[in-house]
Amino acid sequence: MTAQASSHVDVVVAGGGNAALCAALAARARGATVAVLERAPQHMRGGNSRHTRNLRCAHDAPHAYVTGVYTEEEFLDDLLGVTGHATNHDLARLLVRESATVPDWMAAQGVRWQPPLAGTLALHRTNLFFLGGGKALLNTYYARAERLGVWIRYETAVTDLLLDGRRLEGVRLADGTVLRARAAVIATGGFEADLGWLAEYWGPAAHNFLVRGTPYNDGAMLRLLLRCGARCAGDPREFHGVAIDARAPKYDGGIVTRVDAIPFGIVVNRLGHRFYDEGEQLWPKRYAIWGKLIAQQPDQIAFVVLDARAIRRFIPPLFPPITAPSLVELAGQLEAQFGVDRQALVRTIEEFNRAAAHNTRIVPDVLDGACTRNLDPPKSNWALPVATPPFFAFPLRPGVTFTYMGVAVDAAARVLRQDGVPFHNLYAAGEIMAGNILTRGYLAGIGMTIGTVFGRIAGTHAAAHA
């Protein structure tokens, strides 16, 4: 029996991205009637998952789509490294263990794989790329859900949770109707699209941020859960934030606006000063900190500067670079267009070039030790002088993908109340609970892993209430 046009379902799923669809498919596979309530219109469905390309998973052997072994131990070590061990260790271990089962489950839903993309993000050993990217992945999931009889409603927002103590009785929709349910899974993302909410923690600077993903992730369901007594997890100032082109749109620019040039050049702020080690670590372990670093700079803008030897070492972003035949002329363009301190920028590049003058070659895929000498901040790897014309620059803004503050959950993905006791039949999956695991830092592809693993867990347990 399907849930079509019913006022009662076994499992209601709020959200329409990867975590939501994984929850819906898992619940439906166990015989539950399921309704997916996607707030966006159909052509915008899928939340931030539309802009993804891959997910990270442990595996014991290479195959056609990964080039080597990536053990659960190494995955966990990588996660603990980027978070500084500030994570829910039980949930982190659960995530890593379950990640090994994800590829077969996804393939059973119809997902197909493709060889990894080349470029700065060297993920060929650790991550699987889904054929056609995130939008194709979602199309596959939606088609599968429709074939299985999942009821999908677009432009449908949940505005209230009908609770009787710890037990959910149903949800109220924006049009005032009530949908009764035996369980609910909330998978509606973070609150990054509400820049006013971010400004509570970042001040007015937040209004200079760009939101890389969907404008529908405004935290409305997160506010509702917290108002209903859910325990908060994660740091409200932390987010997955990358360096994106400052010319990108305010919302939904997507992955094509990301600039992966940073390891091969130098990054300066509007004052013309460097402010962080561009070669600190391999890019998949550092690319998601640069949004926050730029957010801390004057006027929340920065610039990556490159020369002719570096310009072809990364996937070209959507917007073309600013180009000049000399560094002085490039600095002049940045001054005219963005108010950069031209003289300070030229001095910074000259100082950097002296500190890197002993390096003649770099090896991009490893920590090659080609570092600067007597420079603060240093560049620890891939430090070649910026000296071969022509010269290039990309203006950068913080591109917030998703926020890390969400709701606390247990190993069954049940939402915890403030007293630590879980709601009986209320679950959360995806970015809205990612703060249990990601307190800071990021590993490329782990957001999709969190959504897939905890979406399946939430859907499976929610179906048990049917």
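Residues numbered from 1 in each chain as written. Predicted model: local features only at pLDDT ≥ 70, side-chain atom pairs only at ≥ 80, totals over all residues. Heavy atoms only, no water.

## Looking at the overall build of the protein
Stage number 1. Looking only at helices and strands, the protein features 11 helices and 19 strands.
Stage number 2. For 466 residues, the compact-globule estimate of 2.2 N^0.38 gives 23 Å, and the protein sits close to it at 23 Å.
Stage number 3. Out of the 466 residues belonging to the protein, those deemed buried represent 60%.
Stage number 4. In the protein, the proportion of contacts linking residues at least 24 apart, taken out of those at least 6 apart, comes to 74%.
Stage number 5. Charged side chains of the protein number 47 positive and 42 negative; the gap between the two group centres comes to 3 Å. (Helix = DSSP H or I, 4+ residues; strand = E, 2+ residues; numbered from the N terminus. Rg over C-alpha atoms; globule rule 2.2 N^0.38 Å. Buried < 20%, exposed > 50% of the residue type's maximum accessible area, 1.4 Å probe, protein only. Contact = heavy atoms within 4.5 Å. Lys, Arg positive; Asp, Glu negative; His and termini not counted. Charge placed at Lys NZ, Arg CZ, Asp CG, Glu CD.)

## Some thoughts on the packing of helix 9 (residues 327-338) against helix 10 (residues 342-355)
Between two packed helices, both the angle of their axes relative to each other and the distance between the axes serve to describe the pair.
Stage number 1. Helix 10 packs onto helix 9 with a crossing angle of 140° between their chain directions and a minimal axis gap of 9 Å. Judged by the angle between their axes, helix 9 and helix 10 are oblique. When you trace helix 9 past helix 10, the crossing you get is right-handed. Across the interface between the two elements, Leu327, Val328, Ala331, Gly332, Leu334 and Glu335 of helix 9 pack against Arg342, Leu345, Val346 and Ile349 of helix 10. (Axes fitted to C-alpha atoms, helices over the stretch in contact; angles between N-to-C directions. Parallel < 35°, antiparallel > 145°, perpendicular 65-115°, else oblique. Left-handed = near helix turned anticlockwise from the far one by under 90°.)

## What to know about helix 11 (residues 446-463)
Stage number 1. The end-to-end C-alpha distance of helix 11, which contains 18 residues, comes to 25 Å, matching closely the 26 Å that a straight helix rising 1.5 Å per residue would cover.
Stage number 2. For helix 11, the buried fraction is high: 15 of the 18 residues fall into the buried class. (Expected span 1.5 Å × (residues − 1).)

## So, the environment of Gly241
Stage number 1. Note that Gly241 resides in strand 12 (residues 239-245).
Stage number 2. Take Gly241: its relative accessible area is 0%, and that puts it in the buried class.
Stage number 3. Taking the C-alpha atoms as reference points, Gly241 and Trp113, separated by 128 residues in sequence, lie 26 Å from one another.
Stage number 4. Once residues lying within four places of it in the same chain are set aside, the contact partners of Gly241 are Tyr287, Ala288, Ile289, Trp290, Gly291, Lys292, Gly399 and Val400.

## A short note on the nonpolar core
Stage number 1. Grouped together as the largest cluster of nonpolar side chains are 141 residues, with contacts concentrated most on Met106, Leu161 and Phe454.
Stage number 2. Per element, the largest residue contribution to this core is nine residues, and it comes from helix 11.
Stage number 3. Core analysis: the next-biggest nonpolar cluster, separate from the first, contains 24 residues, Val268, Phe303, Ala383 and Ala393 among them. (Core = buried A, V, L, I, M, F, W, Y, C linked by side-chain atoms within 4.5 Å.)

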